[in-house]
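Listed below are the residues making up each chain.
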Amino acid sequence: MPKTPGRSAHPAHRSITPRRPARPTRRNRDTARGHRLRTTAIALVTGALAATAFAAPARAQDGPAADRGHHRATQQALDAVVAGGLPGITAAATDRHGLWQGASGIGDRRTKAPRGVNDRFRIASITKTFVATVLLQMEAEGKLSLDDTVETWLPGAVRGNGNDGRKITVRQLLNHTSGIYDFLEDPAYIAKYTSVSGFFKHRYEYRSPWVAVVAAMRNAPTSPPGTRQQYSNTNYVLAGLILQKAGGRSYETEVRKRIIEPLKLRATTVPGNSSRMPAPSSRAYSKFTLDPAATKVYDVTFQNASQSWAEGDMISSAADLNRFYSALLGGKLLPPHQLKAMKTVVPDPDDPSASTGYGLGLEAYNTSCGKQLWGHTGGWYGSLSVAVTTEDGGHQLAYNTNGDWRGDELGLAMEAEYCGTAPAAASGRTGAGVLGAERQSRTGF
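Residues numbered from 1 in each chain as written. Predicted model: local features only at pLDDT ≥ 70, side-chain atom pairs only at ≥ 80, totals over all residues. Heavy atoms only, no water.

Asks: So what's going on with the environment of Gln137? Which residues, and what values?
Replies: Mapping Gln137 onto the fold places it in helix α3 (residues 127–140). Classification of Gln137 by relative accessible area gives buried; the value is 9%. Setting aside anything within four residues of it in sequence, one finds Gln137 in contact with Arg258, Leu333 and Leu334. (Helix = DSSP H or I, 4+ residues; strand = E, 2+ residues; numbered from the N terminus. Buried < 20%, exposed > 50% of the residue type's maximum accessible area, 1.4 Å probe, protein only. Contact = heavy atoms within 4.5 Å.)

Asks: Quick rundown of the side chain of Arg115? Include the residues and the values.
Replies: Position of Arg115 among the secondary structure elements: in the loop between β4 (98–105) and β5 (121–122). According to the relative accessible area criterion, Arg115 is buried, its value standing at 4%. For Arg115, the side chain forms a polar contact with the side chain of Asp119, separated by 2.7 Å. (Polar contact = N/O pair within 3.5 Å; in protein donor to acceptor, adjacent residues only side chain to side chain.)

Asks: Pulling in residues and values, what's your account of the packing of aromatic side chains?
Replies: This structure, assessed with the given rule, holds 14 aromatic pairs. Ring centres 5.6 Å apart and planes at 40° place the aromatic pair Phe200 and Phe288 in the tilted group. Residue Phe200 is found in helix α7 (residues 196–202), and its partner Phe288 is found in the loop between β8 (285–286) and β9 (298–299); the two are separated by 88 residues along the sequence. Among the residues examined, Phe200 registers a relative accessible area of 31% and is labelled partly exposed. Three or more aromatic residues link up through ring pairs in this structure, and these residues are Phe199, Phe200, Phe288, Tyr298, Trp380 and Tyr381. In this structure, Arg109 is placed above the aromatic ring of Tyr285, and the distance from its NZ or CZ to the ring centre is 5.7 Å. A cation over a ring is seen here: Lys296 above Tyr298, with NZ or CZ 5.3 Å from the ring centre. (Phe/Tyr/Trp six-rings, centres within 6.5 Å; stacked < 30°, edge-to-face > 60°. Lys NZ or Arg CZ within 6 Å of the ring centre and 35° of its normal.)

Asks: I'd like a rundown of unusual backbone geometry, residues and numbers included.
Replies: Residues Ala279 and Pro280 are joined by a peptide bond in cis, for which omega reads -5°. Mapped onto the elements of the fold, Pro280 is located in the loop between α10 (251–260) and β8. The phi dihedral of Ala124 falls on the positive side, at around 55°, and the residue is not glycine. Assignment of secondary structure puts Ala124 in the loop between β5 and α3. Its relative accessible area of 0% is what places Ala124 among the buried residues. Of note in this structure, His176 is not a glycine but carries a positive phi near 60°. Summarising the element assignment, His176 is placed in the loop between α5 (170–174) and α6 (187–194).

Asks: Tell me about the environment of Gly162, and name the residues and values.
Replies: In this fold, Gly162 is placed in the loop between β6 (159–160) and β7 (163–164). Classification of Gly162 as exposed rests on a relative accessible area of 62%. As a C-alpha pair, Gly162 and Pro224 span 62 residues in sequence and 9.4 Å in three-dimensional space.

Asks: Can you tell me about the packing of α3 against α10, naming the residues and giving the values?
Replies: Running from N to C, α3 and α10 point in directions that differ by 80°, and their axes come no closer than 10 Å. The angle between α3 and α10 places the two elements in the roughly perpendicular class. Here Thr127, Phe130, Val131, Thr133, Val134, Gln137 and Met138 of α3 come into contact with α10, specifically with Tyr251, Glu254, Val255, Arg258 and Ile259. A breakdown of the residues in the contact of α3 with α10 according to their chemical character gives 7 nonpolar, 3 polar and 2 charged. (Axes fitted to C-alpha atoms, helices over the stretch in contact; angles between N-to-C directions. Parallel < 35°, antiparallel > 145°, perpendicular 65-115°, else oblique. Nonpolar A, V, L, I, M, F, W, Y, C, P; charged D, E, K, R; others polar.)

Asks: Help me get a handle on the state of the cysteines, residues and values and all.
Replies: Should the sulfur atoms of two cysteines be covalently bonded, the bond is a disulfide. Under the counting rule described, the total for this entry stands at 1 disulfide. The disulfide partner of Cys369 is Cys419, and the S-S distance across this bridge is 2.0 Å. Its torsion about the S-S bond being -75°, the disulfide of Cys369 and Cys419 is classed as left-handed. Here Cys369, found in the loop between β12 (363–367) and β13 (372–380), pairs with Cys419, found in helix α13 (residues 411–419); they are 50 residues apart in sequence, far enough to count as distant. Using a relative accessible area of 40% as the deciding quantity, one classes Cys369 as partly exposed. Assessed through its relative accessible area of 23%, Cys419 is described here as partly exposed. (Disulfide = S-S within 2.5 Å.)

Following this line, the structure appears as structure tokens:
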């Protein structure tokens, strides 16, 4: 979407503004090229708004302290996302009025059951904020330094084809400046695991994180370490492995003990070697293609979480994500020095003049009305998610769609919640040009 005043750089924030189609940006992030929707990798469709909804909107729910009507525009935005062609969406906003929850569309295409406001869903790349938070906590405790090399913690892991872990730091993994190739773009990995046939053949299998590392090492670096910001899911596989080495416990245990339990995130799990979804949850759907004319929809609800691991395996709810980002930006999880480092963003090479960017597992955004937000997006089979908060941790919004083939209306909810902008589609005007979300969702995690 348009930029206000720009989109990616250190001291700034990704723009999210209405009424302009998205242009592709970064490899393997929120774009058609970067998200690659199944057959050739996972990607988002950025097309015109479709006119037919899958189901009538579900009713929004206000928390006991919420101001009824305060989130009317946000509910209209949820309805517009469903009108754009996705099955359903669930959302939660937390502010001085309390907790508001809303939903639209369906959670099950067979039974037509509505999307639930308390649904659990795969948060994909939003997992990266949890991983970065744990590593920053460990740095504050003196267990590691972000300036340690990958070789220090994982000897010999990053070698071959020009890769050299002796020249890459933990910090460069977390802010995606390592230059390490994204394993999700490796042709052999795509053929075996992310094609339609590959997904259904292997989706219940345990997959070691080292499979991703090996796939990445088959390829040369995309750039020398520290010279360019380029999103790569391999970075967070390696970060998870380092986290385990430094902490002496599994990645799952560290996240659970350091974040989930202290914050009482009762809807949040690190599923490990499980293929199940906790209740309540909706079905998840994929089309495995970028073709906007495709009509075949696959149920991809169940899949082994180990296949995305520390780069994107967690399951949560919109309300829990709000609680997490409120605590994080509110200074309850990290000392000031580490939180400052987390918010130090690097420029987007596709738009170096802009004022938004990627920090350490945390992204910065701007809205059309000038509100600065921090958070992350996530996209995986059957799931697109957004979670953001104001810088003071006082106002959060998180939402998820249970279909992965459109992302061009996902910015509508953010604009509605923070700027009060009711989408044109919500008032019956469907068609192209409603909103092309510049920040859509990210491949697998």
